[in-house]
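The lines below spell out each chain.
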Amino acid sequence: MLIEPCRHTALEFVVHCAMKRQNVRTLSLVVCTFTYLLIGAAVFDSLESQTEAKRWEFLQAIKNNFVEKYNVSAEDYRMIEIVIIENKPHKAGPQWKFAGAFYFATVVLAMIGYGHSTPTTVAGKLFTMFYAMVGIPLGLVMFQSIGERLNKFASVIIRRAKRASGARCTDATEMNLMLATGMLSSIIITTGAAVFSRYEGWSYFDSFYYCFVTLTTIGFGDYVALQNDQALTNKPGYVALSLVFILFGLAVVAASINLLVLRFMTMQAEDAKRDEQDAQNLAAGNQPLTFDDESTYNMHGKLLENNYTTENDETVSLCSCTCMGGTRCLNHEQFIDPDFQPMDIIESTLCLKRASV
């Protein structure tokens, strides 16, 4: 029989097409990502480079005036710089008492990494590495679980709201969930910005910037809360509020971002599942193969531009000849019923298309 070679060839073609689509998708993502990086670099260059140069010239002018006025040597000036830089964290008060240590542990587990305080001892650095190896996966699982519960709660609220409004479709779609979590994330960031602006003395825009950088785990460290007036030791309520904001806000923002990522991954999974189903159907002989360009394989492995199909183009003929399945054709003598007549095909529900051989 010549059916098995046909299926084998068509199966290879399906696998090849699926891999080709996946490779094209991956390459497109890589190209888009690097293009986005190039665009970002160009924009940041145009926005920040001139200001950086002006600040550097201003600082150099102040340094030169200071050195000339007080006749300070280069070594002494360098020592002054080191002392000022090293003493900067201590202005915020003790960083490694329990409250400060808990704040540091939260920053590590949440992968924010402000850099406002870092361990200096060898034992502290070793423990930080081991602590992060266990704590980061634990935190990711926790944030994922909280995000799922939030999405579940949001879906219940959306269904009830749709049912109350008399909508026909009461299901909570992915778009509804993304809008809900996006609104909740916006509320958390804007509210947190108002709180930090009041306690830290920042402008509202800078506070909003801090909240965004924190909840997206970027953590530049240019703005860090709890670093003024020894807040870590003197303001326990503010410390607790800041920690709750970080943990709960990260869970909500993570839920919103995960919905976007899951949407994209679902699209990829659907394509892969469709390709796998086509390959399985072809291998089992349950459903012949139909391609996007309406081209099919015949039993000899030759690509046909048109073939015998049903009205929905879901089945194809396995014969490349023009005998219409007659018993006198040598291609059919091995597996066609001797009582089969060409008129049986014509009288059936099949819609025939002439094969181009």
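In every chain, residue numbers begin from 1 and rise along the written sequence. Per-residue local features of the predicted model are confined to residues with pLDDT of at least 70, and side-chain atom pairs are confined, for both listing and counting, to 80 or more; whole-chain, interface and lining totals are unaffected and use all residues. For side-chain calculations, the full set of non-hydrogen atoms in the structure is used, while hydrogens and water are omitted.

- The name an unreviewed UniProt entry assigns to the chain is Potassium channel domain-containing protein, from the organism Drosophila virilis.
- UniProt positions are given in the numbering used here, feature names are shortened, and annotations may be inferred rather than shown by experiment. Under the UniProt heading Subcellular location (unreviewed entry), the note attached to the chain is "Membrane".
- The record in UniProt for the chain states the following under Sequence similarities (unreviewed entry): "Belongs to the two pore domain potassium channel (TC 1.A.1.8) family."

### Observations regarding the overall build of the chain
And step 1. A run of H or I in DSSP becomes a helix once it reaches four residues, and a run of E becomes a strand once it reaches two; helices and strands are each numbered from the N terminus. Across its full length, the chain holds nine helices and two strands.
And step 2. Moving toward the C terminus, one meets the helices and strands of the chain in the order α-α-α-α-α-α-α-α-β-β-α.
And step 3. A simple rule labels every residue: compare its accessible area, found with a 1.4 Å probe on the protein chains alone, to the largest value its type can have, and call it buried under 20%, exposed over 50%, or partly exposed in between. With 357 residues in all, the chain has 29% of them scored as buried.
And step 4. Sequence-distant contacts, at least 24 apart, represent 57% of the contacts inside the chain between residues at least 6 apart.
And step 5. Computed by Shrake-Rupley with a 1.4 Å probe, the accessible areas treat only the displayed protein chains as cover when residues are assessed. In the form shown here, the chain has an accessible surface area of approximately 23,900 Å², with 63% of it arising from carbon and sulfur atoms. Throughout, a contact is declared for two residues whenever any of their heavy atoms are within 4.5 Å.

### Observations regarding the layout of surface pockets
And step 1. Space inside and on the surface of the protein is sampled on a 1 Å grid over the protein atoms alone, with a cavity defined as a set of points where a 1.4 Å probe fits but cannot get out and a pocket as an open set with protein on both sides within 12 Å along at least 5 of 7 lines; lining residues have an atom within 4 Å of a point. Grid points are joined across faces, edges and corners, and a volume is the space filled by probe spheres set on the points. Put simply, the largest pocket is a space of about 710 Å³.
And step 2. Along the walls of the largest pocket sit 23 residues, with K88, P89, G115, H116 and Q227 positioned nearest its centre.
And step 3. Here the lining of the largest pocket is built from residues that sort into eight nonpolar, ten polar and five charged.
And step 4. Both domains that meet at the lining of the largest pocket, namely domain 1 (18-91) and domain 2 (93-275), each give it at least three residues. Polarity classes work like this: nonpolar for Ala, Val, Leu, Ile, Met, Phe, Trp, Tyr, Cys and Pro, charged for Asp, Glu, Lys and Arg, and polar for all others, with Gly in that last group. Domain start and stop points were drawn from an automatic or database domain assignment.

### Observations concerning the nonpolar core
And step 1. In plain words, nonpolar cores are sets of buried Ala, Val, Leu, Ile, Met, Phe, Trp, Tyr and Cys residues tied together by side-chain atoms within 4.5 Å. Y103, Y114, F196, Y210 and L226 are the most contacted members of the largest nonpolar core, which totals 30 residues.
And step 2. Here this core gets nine residues from one element, more than from any other, and that element is helix 8 (residues 236-284).
And step 3. Every residue in contact with Y210, bar those within four places of it in the chain, is listed here: Y103, Y114, F196, W202, Y223, V224 and A225.
And step 4. By size, the runner-up hydrophobic cluster in this structure holds five residues, among which are A154, I158, L177 and M178.

### Topic: empty space enclosed by the protein
And step 1. Within the structure shown, the criterion is met by two cavities of 30 Å³ or more.
And step 2. One number sums up the size of the second largest cavity: a volume of about 30 Å³.
And step 3. Lining the second largest cavity are Y199, E200, N228, D229, A231, K235 and Y238.
And step 4. The residue inventory of the lining of the second largest cavity, partitioned by class, reads three nonpolar, one polar and three charged.

### Here's the deal with unusual backbone geometry
And step 1. A positive phi angle, close to 60 degrees, is found at T217, a residue other than glycine.
And step 2. Mapped onto the elements of the fold, T217 is located in the loop between helix 6 (204-215) and helix 7 (231-234).

### Concerning the side chain of S155
And step 1. Mapped onto the elements, S155 comes out in helix 4 (residues 122-165).
And step 2. A distance of 2.5 Å separates the side chain of S155 from the backbone oxygen of K152, its partner in a polar contact.
And step 3. Setting aside residues up to four positions removed in sequence, S155 forms contacts with A172 and L177. The definition of a polar contact used here is a pair of N or O atoms within 3.5 Å, where within protein one atom must be able to donate a hydrogen and the other to accept one, and adjacent residues in sequence count solely through side-chain atom pairs.

### Remarks on the packing of aromatic side chains
And step 1. For Phe, Tyr and Trp, where Trp contributes only its six-membered ring, two rings pair if their centres lie within 6.5 Å, and the inter-plane angle classes them as stacked under 30 degrees, edge-to-face over 60, or tilted in between. Evaluation of the coordinates by the stated rule reveals 14 aromatic pairs.
And step 2. Measuring from centroid to centroid gives 5.2 Å for F196 and F245, while their planes differ by 70 degrees, and the two rings are edge-to-face. Here F245 lies in helix 8 and F196 lies in helix 5 (residues 174-200), a separation of 49 residues in the sequence. Take F196 and F245: they sit in the same class, and that class is buried.
And step 3. On the basis of an interplanar angle of 80 degrees and a centroid distance of 5.3 Å, the ring pair of W202 and Y223 is categorised as edge-to-face. Placement of the pair is W202 in the loop between helix 5 and helix 6 and Y223 in the loop between helix 6 and helix 7, with a sequence separation of 21 residues.
And step 4. Judged by relative accessible area, W202 falls into the buried class, the value being 15%.
And step 5. Judged by its relative accessible area of 24%, Y223 is partly exposed.

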